[in-house]
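Next come the chains, spelled out residue by residue.
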Amino acid sequence: MSERKYWNEEMETKSYEEMSDIQFGKLKNQIHYIYNNSPLYYKKKFDDAGVKPGDVKTWEDFYNLPIMGNKEMEIKSQKESLDRGDGHPFGTFLCAPVEKVIGMTATGGTTGDPTFSYIYTVKDLRINDEVWARVFWKAGIRHGNFVANIFAQSMHAGGWPVNHALTSYGACSIPVGAEAGTDRILRMLNLFRPAAIVGTAPLMEHLIERCPEVLKKSISELGIKILLCAGAPGAGIPSVRKKLEDAYGAKIFDSAGGGQGAHMVSCDSKEYYGMHMNCADYFIWPGDLIDPETGKAIQIAEGVIGHAIFTALEQEAKPFFRYAWGDLHQVFTKECPGCGFRGLRIRIVGRADEMLIVKGVNIYPTAVKGIVNTFFPRVTGEMRIILDEPGPDVKPPLKLEIEHAGLSQSELPALRDIIIQEIRNKLEVRPDVKLVAAGTFERAGGVSAKGTLIEKRYKNS
Ligand SMILES: [Zn+2]
């Protein structure tokens, strides 16, 4: 007997249009909920815009609402709440009584105050578990599997909420965490031989390099069959996918979280057809796109690119509502050629604030990395874009430093030339490329495990 295709057959098989009706019904309730339960934040935002909850009668009314959340607004709201003596740092857009909060994670905090973006009530945690279950099922994780969690664990959304989801799904999490460092992660993988790893693609790339040193064998010998990547770009870049696939002998699934338990995941197809939005009954994402320059709504259609605005439809604790994450998404509305999925699919184009402009051409760091990685194994895959001045405008040439994988001096000029040529062909910008020794750049690991592609060689004023 063949097993079922989806975890939640009913919700994961709907088209974008069918889903829109379900979403709008929930949206109307959610607007009343946040308006009535967050007098100092959401009610104020609606009042300032001169809109009452009952005024939102069509999708157009919704798209015309102002942006009601972003990182800055969140930090301000947290500060207001602390100043008022609310007794918690969750901010004035906490919509549930604080007694109902049963969990939290935070983002940032290495340079400034952390933001407590994902706060959970019992219901919110149930949504988290349901959404992850759909992702786990689609990625082929099954009950009873060992799953190594190598996301950062400390206050991180990839930490306990993922472990909780795995437990409630019926799989066994090995919560080793990025903080443990690559040596300990590899030893755990060797002990458990898990069916799957969940974590960031840059850290998984790094494990390939470290495995022969630490375990005296290649990573393919560990028998890991599924790599479920999220939290950092990589698994959507064809050359990175191929590198991971070949090195592990595993299937790669690309997932991205919009926060608050929302996740999309790519399908089992050999070709990459983007991430499939299979929890649209809980979140408006990526169905709300705006032009990053004008802030005007973009009509959802095959292939359009825009700044994705996020709205949670059922969240209780601290629901995001028209929240601007800063991610640029390309959206696909046609049925997935790989698996027949009928909802929206996306490709992450880059961060709106990481976009660089060279001679009027928009350059995304992940696109550069994608091209560099096609030269693996002659390069390690580690690289940096060097900025001498703050972006987004870059005085040409675009400077790149790329690690070669131990080539001899005589081999370097040819590699350098061909990388320049390839980037020029694909991105229409001629970079300045310096090849540096393997191991020059710090690897993804430590707290964020996100990796970085930009090195700022200027002083922040
Ligand atoms: Zn598909």
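Scroll up for the structure.
Residues numbered from 1 in each chain as written. Predicted model: local features only at pLDDT ≥ 70, side-chain atom pairs only at ≥ 80, totals over all residues. Heavy atoms only, no water.

(A) Main features of the overall build of the protein chain. Looking only at helices and strands, the protein chain has twelve helices and 22 strands in total. A compact globule built from 461 residues would reach a C-alpha radius of gyration of about 23 Å, and the protein chain, at 22 Å, matches this within 12%. Seen along its three principal axes, the alpha-carbon backbone of the protein chain occupies a region of about 70 × 55 × 45 Å. Burial status across the protein chain gives 54% buried among its 461 residues. For the protein chain, the share of sequence-separated contacts (at least 6 apart) that also reach a separation of at least 24 residues comes to 67%. If you sum the accessible surface of the protein chain, you get close to 20200 Å²; carbon and sulfur atoms cover 52% of it. (Helix = DSSP H or I, 4+ residues; strand = E, 2+ residues; numbered from the N terminus. Rg over C-alpha atoms; globule rule 2.2 N^0.38 Å. Buried < 20%, exposed > 50% of the residue type's maximum accessible area, 1.4 Å probe, protein only. Contact = heavy atoms within 4.5 Å. Areas by Shrake-Rupley, 256 points an atom, 1.4 Å probe, with all protein chains shown as cover.)

(B) Representation of the coordination of the zinc ion in the model. Here the zinc ion is held by C267 (SG), H276 (NE2), C336 (SG) and C339 (SG), and the distances to it run 2.1 to 2.3 Å. Classification of the site at the zinc ion rests on its four donor atoms, whose angles at the metal span 103 to 118 degrees, yielding the label tetrahedral. All donors of the zinc ion belong to a single chain; written as a sequence motif, their spacing is C-x8-H-x59-C-x2-C. One end of the pair, H276, is in strand β9 (residues 275-276); the other, C339, is in the loop between β14 (323-332) and β15 (345-351), and 63 residues separate them in sequence. Relative accessible area serves as the criterion here: at 15%, C339 is assigned to the buried category. (Donors = N, O, S within 2.8 Å, 3.2 Å for Na, K, Ca; no water. Tetrahedral: all angles 85-135°; square planar, octahedral: opposite > 155°, others 65-115°.)

(C) View of a nonpolar patch on the surface. The grouping of F146, L191 and F192 at the surface amounts to a nonpolar patch, some 290 Å² of accessible area in total. Structurally, the position occupied by F192 is in helix α8 (residues 182-192). (Patch = residues over 30% accessible without salt bridge, like charges linked within 9 Å, V, L, I, M, F, W, Y side chains within 5 Å. Salt bridge = Lys/Arg side-chain N within 4 Å of Asp/Glu carboxyl O.)

(D) Just the side chain of K243, in detail. Relative to the elements of secondary structure, K243 occurs in helix α10 (residues 238-248). Reaching out from K243, the side chain makes a polar contact with the backbone oxygen of T380 at a distance of 2.8 Å. Leave out the neighbours within four places in its chain, and K243 touches E205, I208, N373, F376, T380 and G381. (Polar contact = N/O pair within 3.5 Å; in protein donor to acceptor, adjacent residues only side chain to side chain.)

(E) Just the side chain of T182, in detail. On the secondary structure map, T182 appears in helix α8. With residues up to four places along the chain from it excluded, the contact list for T182 reads L203, H206, L207 and R210.

(F) Layout of the nonpolar core. Counting residues in hydrophobic clusters, the biggest one holds 48 residues, and the most contacted among them are F46, F283, F310 and F321. At the level of elements, α2 (16-37), α3 (42-49), β2 (115-120), α6 (122-138), β8 (262-265), β10 (283-284), β13 (305-312) and β14 are the ones that each hand at least two residues to this core. Looking at which element gives the most residues to this core, the answer is α2, with seven residues. Not counting the four nearest positions on each side in its chain, F46 is found in contact with I31, I34, Y35, V51, L65, M68 and F321. By size, the runner-up hydrophobic cluster in this structure holds 30 residues, among which are I150, I224, A247 and A250. (Core = buried A, V, L, I, M, F, W, Y, C linked by side-chain atoms within 4.5 Å.)

(G) Representation of the environment of E354 within the structure. Within the secondary structure layout, E354 lies in the loop between β15 and β16 (356-358). Setting aside chain neighbours within four positions, we find E354 in contact with I363, P365 and I454.

(H) Quick peek at the packing of α8 against helix α9 (residues 201-215). At a closest axis distance of 9 Å, the pairing of α8 and α9 adopts a crossing angle of 75 degrees. The angle between α8 and α9 falls in the class roughly perpendicular. Two secondary-structure elements touch here, α8 through T182, D183, I185, L186, R187, L189 and N190 and α9 through L203, H206, L207, R210, C211, V214 and L215. Among the residues making up the contact of α8 with α9, the classes are represented as eight nonpolar, three polar and three charged. (Axes fitted to C-alpha atoms, helices over the stretch in contact; angles between N-to-C directions. Parallel < 35°, antiparallel > 145°, perpendicular 65-115°, else oblique. Nonpolar A, V, L, I, M, F, W, Y, C, P; charged D, E, K, R; others polar.)

(I) Region of interest: the pattern of salt bridges. As enumerated under the stated definition, the model contains 28 salt bridges in all. Linking D388 and K399 is a salt bridge whose minimum nitrogen-to-oxygen distance equals 2.6 Å. Residue D388 is found in the loop between β18 (379-387) and β19 (393-394), and its partner K399 is found in strand β20 (residues 399-404); the two are separated by eleven residues along the sequence. It is possible to trace a salt-bridge network through shared partners that takes in K26, K123 and E314.

(J) Structural context of unusual backbone geometry. The linkage connecting W285 with the following residue, P286, adopts the cis geometry, with an omega of 10 degrees. Structurally, the position occupied by P286 is in the loop between β10 and β11 (289-290). The peptide bond linking G391 to P392 adopts the cis configuration, its omega dihedral lying at 0 degrees. Mapped onto the elements of the fold, P392 is located in the loop between β18 and β19. Despite not being glycine, K216 has its phi angle at roughly 60 degrees, a positive value. Residue placement: K216 occurs in the loop between α9 and β6 (226-229). Accessibility expressed as a relative area gives 68% for K216, which makes it exposed. Of note in the backbone geometry, E428 takes a positive phi value of approximately 65 degrees without being a glycine.

Taken by themselves, the reported measurements are silent on function.
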